[in-house]
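# Structural features, examined
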Amino acid sequence: MLIVMKSDATEAQVAAVLRVVEELGFKGHPMPGATRTAIGITGNQGSVDPSHFENLPGVADAIRVSKPYKLITLDIRPEKTIVRVGDATIGGEELAIIAGPCAVESHAQAFAVAEAVRRSGARFFRGGAYKPRTSPYAFQGLGEEGLKILGDVREAFGLKIVTEALDEAGVDLVERYGDMIQLGARNMQNFSLLRRAGRSRLPILLKRGLSATLDEWLLAAEYIMSEGNYQIVLCERGIRTFAQHTRNTLDLAAIPAVRRISHLPVIVDPSHGTGKQSLIGAVSRAAIAVGADGLLVEVHHEPDKALSDGMQSILPEEFGELVEEVRQIAAVLGREVN
Ligand code: PEP
Ligand code: MN
């Protein structure tokens, strides 16, 4: 059920509708928009009778929702969501460039890369302290020590910290040191983790699962939103196909496809999307041209020595050039790089 309030509805009228929703035993999600507030209802098993709401003051319409998702859709919020990460934003006119090494390996490594990220004008530093690795014997990340290094990067460079939580306890830790929580491809349908992220005060970067359909990805975002966290950025990072020339097949059509359904910002990860240094530039330019709200790029000052994903990490100089190219494309689209 979606309740659309009249454009001149008062806050008290919205509150009154929310009270009725609660009395029925459901949860109401008010979404203020440019022209009107809409209220999504979750927690109901069957359909909700619209007559509970139709005659309440300030209500324009009570609409039954037939789609599987309720809160991520343009029906509830026709304007794009702008996700706030401290004083930086994702989803507005400015493109968000999120960059850093796959894994935080040491203080010196993180600082060398962060310096280059800062110099390029990007505002977000991403590095993993907890890494979801295919092999249990591969480098798993520095853990809390890595988070502390990220905290130092934040302080030294003023960059916003994006880092992955692998489990619910990890969310508690990232909340202490970071500015945005990444949920990785392999965890896209870890429902208890999604619900925990939904109760976090931090914005969430939700990567698409390796074999997830668009609907499954959006429903994962819906899990987070249904718990009350509406600050979500989707990240297309490639899916598994039969192709052998790239690590994954980057689905750039997903960007405009999501845009037709959801108000949430979408960024593109060309690093996992291709797995190859040599393809990052071209694919990044295409991602911005197709409407992505930003990029997530792996950068390493010594890719040959990287403890994870060196083959898809670009050098700081290459990253600087990439940001300049993105700036030019952004200008044509009437956007800027933040
Ligand atoms: C990563 O961002 O380094 C990572 C492991 O990504 P994904 O979850 O998309 O594989
Ligand atoms: Mn990686």
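A brief report on the enclosed structure follows. As the structure is a prediction and not an experimental result, all values here were calculated from the model.

### Let's talk about the side chain of Thr 163
Take Thr 163: it is sitting in strand β9 (residues 160-164). Among the polar contacts made by the side chain of Thr 163, one reaches the main-chain carbonyl oxygen of Gly 127 at a distance of 2.7 Å.

### Things to note about the site of ligand 1
Lining the immediate surroundings of ligand 1 are Cys 102, Arg 126, Lys 131, Pro 132, Gln 182, Gly 184, Ala 185, Arg 186, Lys 207, Arg 237, His 272 and Glu 298. One of the side-chain N or O atoms of Lys 207 is found 2.9 Å from an oxygen atom in ligand 1. For ligand 1, an oxygen atom lies 2.6 Å from a polar atom in the side chain of Arg 237. Look at ligand 1: alone it shows 290 Å² of surface, and the protein chains cover 97% of it. Here the shell around ligand 1 is composed, by residue class, of three nonpolar, three polar and six charged.

### Here we look at the coordination of the manganese ion (ligand 2)
Those protein atoms acting as donors to the manganese ion (ligand 2) are Cys 102 (SG), His 272 (NE2), Glu 298 (OE) and Asp 309 (OD), and they sit at 2.0 to 2.4 Å. Between consecutive donors of the manganese ion (ligand 2), the numbers of intervening residues give the motif C-x169-H-x25-E-x10-D. You can see Cys 102 sitting in the loop between β7 (94-100) and α2 (107-120) and its partner Glu 298 sitting in strand β14 (residues 294-298), a full 196 residues away along the chain. A residue is classified by how much of its surface remains accessible, and Cys 102, at 3% relative accessible area, is buried.

### As for the nonpolar core
Phe 125, Leu 183, Leu 206, Trp 217, Leu 234 and Phe 319 are the most contacted members of the largest nonpolar core, which totals 73 residues. The biggest single contributor to this core is helix α6 (residues 214-226), with seven residues. The next biggest cluster of nonpolar side chains, apart from the first, holds 14 residues, and it includes Val 83, Val 85, Phe 124 and Leu 296.

### Let's talk about the pattern of salt bridges
Between side chains of opposite charge, a pair can form as their charged atoms come close. On inspection of all chains with the given rule, the structure shows 21 salt bridges. Residue Glu 298 is joined to Arg 126 by a salt bridge in which the shortest nitrogen-to-oxygen separation is 2.8 Å. Pair noted here: Glu 298 is in strand β14 and Arg 126 is in strand β8 (residues 124-126), with a separation of 172 residues, a long-range link. Take Glu 298: its relative accessible area is 1%, and that puts it in the buried class. Look at Arg 126 and you get buried, because its relative accessible area is 3%. Across the pair Arg 247 and Asp 309 runs a salt bridge, and its minimum N-O distance is 3.1 Å.

### Remarks on the sheet that holds strand β2 (residues 27-32)
Taken in spatial order, the four strands make up an open sheet running β2-β3-β1-β4, and their pairing is antiparallel. Either end of the sheet is taken by a strand with one partner, and the two such strands are β2 and β4 (59-63). If you compare each strand with its neighbour and ignore which way they point, the axes differ by 20° on average. In the sheet, strand β1 (residues 2-5) pairs with strand β3 (residues 37-42) via three bridges, with the strands oriented antiparallel. The residue of β3 that forms the bridge with Leu 2 is Gly 40. Together, β1, β2, β3 and β4 form the strand contacts of helix α1 (residues 11-23), whose direction differs from that of β2 by roughly 155°.

### Thoughts on the side chain of His 300
Among the secondary structure elements, His 300 is positioned in the loop between β14 and α10 (316-332). At 3.2 Å, the side chain of His 300 forms a polar contact with the side chain of Glu 105. Among residues more than four places away in sequence, those in contact with His 300 are Pro 101, Glu 105, Gln 109, Val 113, Ala 306, Ser 313, Ile 314, Leu 315 and Pro 316.

### Points about the pairing of strand β11 (residues 204-207)
What you see with β11 is no split at all: Ile 204 and Leu 206 on one side and Leu 205 and Lys 207 on the other are buried throughout. Direction of pairing for strand β10 (residues 180-183) relative to β11: parallel, over a ladder of three bridges. Considered in β11, the bridge of Leu 183 is made with Leu 206. Handedness of the β10-helix α5 (residues 191-198)-β11 crossover: right-handed. In terms of strand pairing, β11 meets strand β12 (residues 232-236) through four bridges, oriented parallel. What sits directly across from Ile 204, in β12, is Ile 232. For the handedness criterion, the β-α-β arrangement of β11, α6 and β12 is classed as right-handed.

### Quick notes on α6
Under the 1.5 Å per step criterion, the end-to-end length of α6 is 18 Å for 13 residues, consistent within 8% with the ideal 18 Å. Residues Leu 214, Trp 217, Leu 218, Ala 220, Ala 221, Glu 222, Ile 224, Met 225 and Ser 226 constitute the buried set of α6.

Parameters and conventions
Residues numbered from 1 in each chain as written. Chains lettered and ligands numbered in written order. Predicted model: local features only at pLDDT ≥ 70, side-chain atom pairs only at ≥ 80, totals over all residues. Heavy atoms only, no water. Helix = DSSP H or I, 4+ residues; strand = E, 2+ residues; numbered from the N terminus. Polar contact = N/O pair within 3.5 Å; in protein donor to acceptor, adjacent residues only side chain to side chain. Near = heavy atom within 4 Å. Areas by Shrake-Rupley, 256 points an atom, 1.4 Å probe, with all protein chains shown as cover. Nonpolar A, V, L, I, M, F, W, Y, C, P; charged D, E, K, R; others polar. Donors = N, O, S within 2.8 Å, 3.2 Å for Na, K, Ca; no water. Buried < 20%, exposed > 50% of the residue type's maximum accessible area, 1.4 Å probe, protein only. Core = buried A, V, L, I, M, F, W, Y, C linked by side-chain atoms within 4.5 Å. Salt bridge = Lys/Arg side-chain N within 4 Å of Asp/Glu carboxyl O. Pairing = 2+ DSSP bridges. Axes fitted to C-alpha atoms, helices over the stretch in contact; angles between N-to-C directions. Contact = heavy atoms within 4.5 Å. Right-handed = clockwise from strand over helix to strand, strands pointing away. Expected span 1.5 Å × (residues − 1).

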